[in-house]
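Notes for the structure review
So you can see what is in the structure, the chains are spelled out below.
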Amino acid sequence: MATVAEPAEQLLYRPEEAAKALRIGRSMVYEEIRLGRLQTVRIGRRRLVPPEYIERYVELLKREAEATA
């Protein structure tokens, strides 16, 4: 079984790996991608998530939390 590397070591995450890094379900990652909240890059037919897009998504979540507080 493959393990998720540290962001400094891994340049692109599969959606399943991004889900693990974010501690959310795989289907939630795909939903957030569909909604445009979590950005991806495409290589052929594959969708991959760069670590900086994961960081942007976390910042979005923080801003939303602050706005509703």
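These notes cover the structure that comes with them. (Residues numbered from 1 in each chain as written. Predicted model: local features only at pLDDT ≥ 70, side-chain atom pairs only at ≥ 80, totals over all residues. Heavy atoms only, no water.)

When its secondary structure is counted, the chain shows three helices and two strands. The buried share among the 69 residues of the chain stands at 29%. Taking all contacts inside the chain whose residues are at least 6 apart in sequence as the whole, residues at least 24 apart take part in 40%. Here the chain has roughly 5200 Å² of accessible surface; of this, 53% comes from carbon and sulfur atoms. (Helix = DSSP H or I, 4+ residues; strand = E, 2+ residues; numbered from the N terminus. Buried < 20%, exposed > 50% of the residue type's maximum accessible area, 1.4 Å probe, protein only. Contact = heavy atoms within 4.5 Å. Areas by Shrake-Rupley, 256 points an atom, 1.4 Å probe, with all protein chains shown as cover.)

Although it is not a glycine, R23 adopts a positive phi angle of roughly 65°. Within the element layout of this structure, R23 appears in the loop between α1 (15-22) and α2 (26-34). Residue R23 is classed as exposed on the basis of its relative accessible area of 71%.

As for its position among the elements, E17 is in helix α1. By relative accessible area, E17 is classed as buried at 11%. For the pair E17 and V49, spaced 32 residues apart in the sequence, the C-alpha separation amounts to 8.9 Å. Of note is the side chain of E17, whose polar atom sits 2.9 Å from the side chain of Q10. (Polar contact = N/O pair within 3.5 Å; in protein donor to acceptor, adjacent residues only side chain to side chain.)

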